[in-house]
Number of protein chains: 2
Amino acid sequence: MKNTDLTRKLNFNAGPAALPIEVLQQAAAAVLDYNNSGLSILEIPHRGAAFVAIMDESRQLVKELCNLNDDYEVLWLQGGGRMQFCMIPMNFLGETESAGYVDSGYWAESAYKAAKYYGNAQLLASTKDINYTHLPKWPSQLPAGLQYVHCTTNNTIYGTQLHTTPACDVPLIADMSSDIFSCHRNYTKYAMFYATVQKNLGAAGVTLVVLRKDFMQRVKRTMPDMLTYKAHAAQQSMLNTPPVFAIYVSLLMLRWTKARGINAIDIENRKKAQLLYSEIERNSVFKPVVDSITDRSMMNVCFIANDSRNEKAFTDFCATRNITGIKGHRSVGGFRVSLYNAVNLAAVETLVQAMQDFEKE
Amino acid sequence: MKNTDLTRKLNFNAGPAALPIEVLQQAAAAVLDYNNSGLSILEIPHRGAAFVAIMDESRQLVKELCNLNDDYEVLWLQGGGRMQFCMIPMNFLGETESAGYVDSGYWAESAYKAAKYYGNAQLLASTKDINYTHLPKWPSQLPAGLQYVHCTTNNTIYGTQLHTTPACDVPLIADMSSDIFSCHRNYTKYAMFYATVQKNLGAAGVTLVVLRKDFMQRVKRTMPDMLTYKAHAAQQSMLNTPPVFAIYVSLLMLRWTKARGINAIDIENRKKAQLLYSEIERNSVFKPVVDSITDRSMMNVCFIANDSRNEKAFTDFCATRNITGIKGHRSVGGFRVSLYNAVNLAAVETLVQAMQDFEKE
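Residues numbered from 1 in each chain as written. Chains lettered and ligands numbered in written order. Predicted model: local features only at pLDDT ≥ 70, side-chain atom pairs only at ≥ 80, totals over all residues. Heavy atoms only, no water.

Draft legend 1. The arrangement of the overall build of chain A in detail. A count of helices and strands for chain A gives 10 helices and 14 strands. Taken over C-alpha atoms, the radius of gyration comes to 21 Å for chain A, in line with the 21 Å a tight globule of 361 residues would show. The dimensions of chain A, computed from C-alpha atoms along their principal axes, are 65 × 60 × 30 Å. Across the 361 residues that make up chain A, the buried fraction comes to 64%. When contacts within chain A are restricted to residue pairs at least 6 apart in sequence, long-range pairs at least 24 apart make up 68% of them. The positive charge centre, built from 36 side chains, and the negative charge centre, built from 33, are 2 Å apart in chain A. (Helix = DSSP H or I, 4+ residues; strand = E, 2+ residues; numbered from the N terminus. Rg over C-alpha atoms; globule rule 2.2 N^0.38 Å. Buried < 20%, exposed > 50% of the residue type's maximum accessible area, 1.4 Å probe, protein only. Contact = heavy atoms within 4.5 Å. Lys, Arg positive; Asp, Glu negative; His and termini not counted. Charge placed at Lys NZ, Arg CZ, Asp CG, Glu CD.)

Draft legend 2. Summary view of the side chain of Asn283 of chain A. All names here are of chain A. Along the polypeptide, Asn283 turns up in the loop between α8 (262-282) and β11 (286-288). Within the structure, the side chain of Asn283 is placed 2.9 Å from the backbone nitrogen of Val285, a separation counted as a polar contact. In terms of polar contacts, Asn283 uses its side chain to reach the backbone carbonyl oxygen of Met355, at 3.0 Å. Non-local contacts of Asn283, meaning those with residues more than four positions away in its chain, are made with Met355, Gln356 and Glu359. (Polar contact = N/O pair within 3.5 Å; in protein donor to acceptor, adjacent residues only side chain to side chain.)

Draft legend 3. Expanded view of the interface of chain A and chain B. Each side of the interface is counted separately: chain A has 55 residues, and chain B has 55 residues. The contact between chain A and chain B buries some 4400 Å² in all, and 64% of this surface belongs to carbon and sulfur atoms. When the buried area of chain A at its contact with chain B is split by residue, Pro16, Leu42 and Glu43 of chain A rank highest and sum to 14% of it. On the surface where chain A and chain B come into contact, there are 2 salt bridges. (Buried area = accessible area lost by both parts, 1.4 Å probe. Salt bridge = Lys/Arg side-chain N within 4 Å of Asp/Glu carboxyl O.)

Draft legend 4. Fine view of the sheet that holds strand β12 (residues 300-305) of chain B. All names here are of chain B. Reading across the sheet, the 3 strands line up as β11-β12-β14 and stay open at both edges, with antiparallel pairing between neighbours. Edge positions in the open sheet fall to β11 (286-288) and β14 (335-338), since each of these has one partner strand only. Strand after strand, the sheet turns through a mean of 35° between neighbouring axes, direction not considered. Note: β12 against β14, 4 bridges, orientation antiparallel. Counterpart to Asn300 in the pairing with β14 is Ser338. Against the sheet, helix α8 (residues 262-282) touches β11, β12 and β14, its axis set at about 15° to β12. (Pairing = 2+ DSSP bridges. Axes fitted to C-alpha atoms, helices over the stretch in contact; angles between N-to-C directions.)

Draft legend 5. Molecular detail of the nonpolar core. With 124 residues, the main nonpolar core has Ile41 of chain A together with Ile41 of chain B as its most contacted residues. Listed in part, the 68 residues of the second largest apolar core include Ala111 and Ala121 of chain A together with Tyr112 and Tyr148 of chain B. (Core = buried A, V, L, I, M, F, W, Y, C linked by side-chain atoms within 4.5 Å.)

Draft legend 6. Geometry of helix α10 (residues 345-360) of chain B. The first and last C-alpha atoms of α10 of chain B sit 23 Å apart over 16 residues, in line with the 22 Å expected at 1.5 Å per residue. The complete set of buried residues in α10 of chain B reads Leu345, Ala346, Ala347, Val348, Leu351, Val352, Ala354, Met355, Asp357 and Phe358 of chain B. (Expected span 1.5 Å × (residues − 1).)

Draft legend 7. Fine view of the domain arrangement of chain A. All names here are of chain A. Segmenting chain A into domains produces domain 1 (25-260) and domain 2 (262-360). The C-alpha centroid of domain 2 is placed 27 Å from the C-alpha centroid of domain 1. Listed as interface residues are 25 residues of domain 1 and, on the opposing side, 27 residues of domain 2. Around 2200 Å² of area is buried between domain 1 and domain 2 when both sides are counted, 53% of it from carbon and sulfur atoms. Its largest share of buried area at the contact with domain 2, domain 1 owes to Ile157, His184 and Arg260, together 26% of the area lost on that side. (Domains from an automatic or database assignment.)

Draft legend 8. Expanded view of the relation of the copies chain A and chain B. At an RMSD of 0.0 Å, chain A and chain B line up after a rotation of 180° and a shift of 0.0 Å along the axis. A rotation of that kind, with that shift, is consistent with a two-fold axis. Residue Ala28 of chain A, judged by its C-alpha, is the member of chain A lying nearest the rotation axis, at 2.2 Å. Of the interface residues in chain A, 100% have counterparts in chain B that sit at the interface too, so the contact is made through matching surfaces. (Least-squares fit on C-alpha atoms with pLDDT ≥ 70 in both.)

Draft legend 9. Layout of the sheet that holds strand β5 (residues 146-152) of chain A. Residue and element names in this part refer to chain A. Taken together, the 7 strands give an open sheet; going across it, the order is β2-β10-β9-β8-β5-β3-β4, and neighbouring strands pair in mixed fashion. Looking along the sheet, the strands with just one partner apiece sit at the ends: β2 (72-77) and β4 (120-126). Pairwise comparison of adjacent strand axes, ignoring direction, gives a mean angle of 20° for this sheet. By the bridge criterion, 3 bridges tie strand β8 (residues 172-175) to strand β9 (residues 192-196) in an arrangement that is parallel. By the bridge assignment for β9, Ala174 is matched with Phe193. Packed on one face of the sheet, helix α2 (residues 49-66) meets β2, β9 and β10 (207-212) and runs near 125° to β2.

Draft legend 10. Quick peek at the state of the cysteines. What the rule picks out here adds up to 0 disulfides over all chains. Here Cys302 of chain A is not cross-linked by a disulfide; its sulfur's nearest cysteine counterpart is in Cys318 of chain A, at 15 Å. Free cysteine Cys86 of chain B: the closest other cysteine sulfur is in Cys86 of chain A, separated by 12 Å. (Disulfide = S-S within 2.5 Å.)

Draft legend 11. View of the pattern of salt bridges. Under the criterion given, the structure shown has 38 salt bridges over all chains. Lys360 of chain A is the partner of Asp357 of chain A in a salt bridge, and the nearest nitrogen-oxygen pair spans 3.8 Å. With Asp357 of chain A and Lys360 of chain A both in helix α10 (residues 345-360), this residue pair falls 3 residues apart, about one helical turn. According to the relative accessible area criterion, Asp357 of chain A is buried, its value standing at 18%. In this structure, Glu281 of chain B and Arg296 of chain B form a salt bridge, with 2.9 Å as the shortest nitrogen-oxygen distance. In this pair, Glu281 of chain B sits in helix α8 while Arg296 of chain B sits in the loop between β11 and β12, placing the two residues 15 residues apart along the sequence. Exposure remark for Glu281 of chain B: the relative accessible area of 46% places this residue in the partly exposed category. Connected through salt bridges with shared partners, the residues Glu109, Lys113 and Lys128 of chain A form a single ionic network.

Draft legend 12. View of the confidence of the model for chain A. The share of residues in chain A with pLDDT of 70 or more is 98%, and the mean pLDDT across the chain is 96. This complex was scored by the predictor with a pTM of 0.97 and an ipTM of 0.97. (pLDDT = per-residue confidence, 0-100.)

Draft legend 13. Molecular detail of the environment of Gln147 of chain A. Residue and element names in this part refer to chain A. Inspection of the secondary structure puts Gln147 in strand β5. In the structure, Gln147 is positioned 71 residues away from Trp76 in sequence and 24 Å away in space, judged by C-alpha atoms. When residues no more than four places from it in sequence are discounted, the contact partners of Gln147 are Phe92, Leu93, Glu97, Ser98, Ala99, Pro171, Phe215, Arg218 and Lys220.

Next comes the structure, spelled out in structure tokens:
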């Protein structure tokens, strides 16, 4: 298998990340003219039939891909994960109430820090002291009286991933920004989950938020509508002008995801990750960052060079082979290769070949 | 002058609104490949050199077009006007402090209502009781101790516009969503102004916020960074992943605006509005909504049919001439024709011709 579009880079960026060429082609065509309407997708009115249909289909597809019934609400909101870090405690954590946070990385910790402004946010577990090189162990028993527990299913920076949903007898909220729709998952175990779309689900500019309708009603503050989930739900994510284009690209990604099927995606993602982790283990130049094999992420593979001088050399070597986006986050160093759904097996094979050829040189 | 691209509709929508065809063409090309990078604009990393250059140029062009020096900060934020309605009082209105709001329409009132959650928001003037058919008269003397005064320069729904900046001896904040860059304006009279971009400045999904650096520091609450302007400024609007594509389209619009020049835009906008208002006054079928000629908007022209049965008939008549987006907001009825910068004089001439032909029939 070869990459057939030679003008396109092999893009392993962590997000914004690679998108399928067919999605890009449809998006570009819609920017010129949406569906032969004589208007660009950037110009269509958000309350017109064309966009309402986009919204309806996108909500339906999210529920279908997650196997969720009408007990759940699907929202498209702005502000990224960080706005969710604020809105979650604003909505669901009263000033004198408690919520639990599992700190598995920078973003998980940021969610915890934001919640502290609004109530008693408690750290349930953290691996910050070892720079998040493995996942924190959840407490066997939760403190009493938690309004919810917040976790992050995949830690983009550190290359760790929660492969099974921990048992949790209070409402569980998860940031799934970097692994939504990448694998089988029982979404009904979550009271709420959310994902910024620029990894597996579209182009930066919108955040998918899914929550149980009964949980959504538990609002603990009087606030402007803009900050409450239930007001967004009542207006079907059109409390004000939604980011039309970003939602449309997410719809294209949802259609693409459905056409491939979560099962096939899950299988291919395992193949991609196995191929790359095996090569890292085998290759004398590199070593993995995450020791615990069970904690390793299928989405972001972090590794370093045994000799740090080889890091720039290998990056330059990759550039000559049209490979981009492999630099690790500054807090970890080395390399981070993101294997989101739109990155195909052929791209990983090309990278692995480069690792082998680099080792020979 | 004729519209040369016959496949495109003449789009008078209030926002999302018409964009110049050359901007759409550049945006579509970038979705396929940004600047021969081998990556789509939807795929480039937001901390990479290509996007940092987009951000830098966009900030510089905003300052240039507004004649602002480095005392001002330019931010690109998510959440639209409604998030600004929250962030303004969160940042600048202490719980026991006062701020003044001028209520010139639905959006102005929404800003006032949001502020009431955070402090003593005072209504300085309102024309709500007459359905905003003219602008409210500002008080000759402001109440003592206001932290700021908030106003809306153009009222999209009602077709009124503030053509001169009122004298104000406290920091003045303005929502300029629907008339920014449409006319000459002394932006230095404002401590802060903001605009959702989907009218004169791009595609829905980002909000331009400009504020004086000294004013920005007056934060009245401890809050997560995501909710404070100064944290966004410290991170150059990259506190988290920005809406890359929306900012890029706004940059294209800024370049287009600069190439035409505010002076030429101002002159053409007056011509367009004069042509349409004159026809409404002359034509026996229609009458204007806003009586006060000095309050009439150059951006959104609202009118009704003398015989309401003609409203659907005229809309259908326009549809046969490729004209779209003229329906008035449900709270006003009739017609609303938006004449944003990207709507050219030829489009208005076509509409006026349709009005004349409809009258003859």
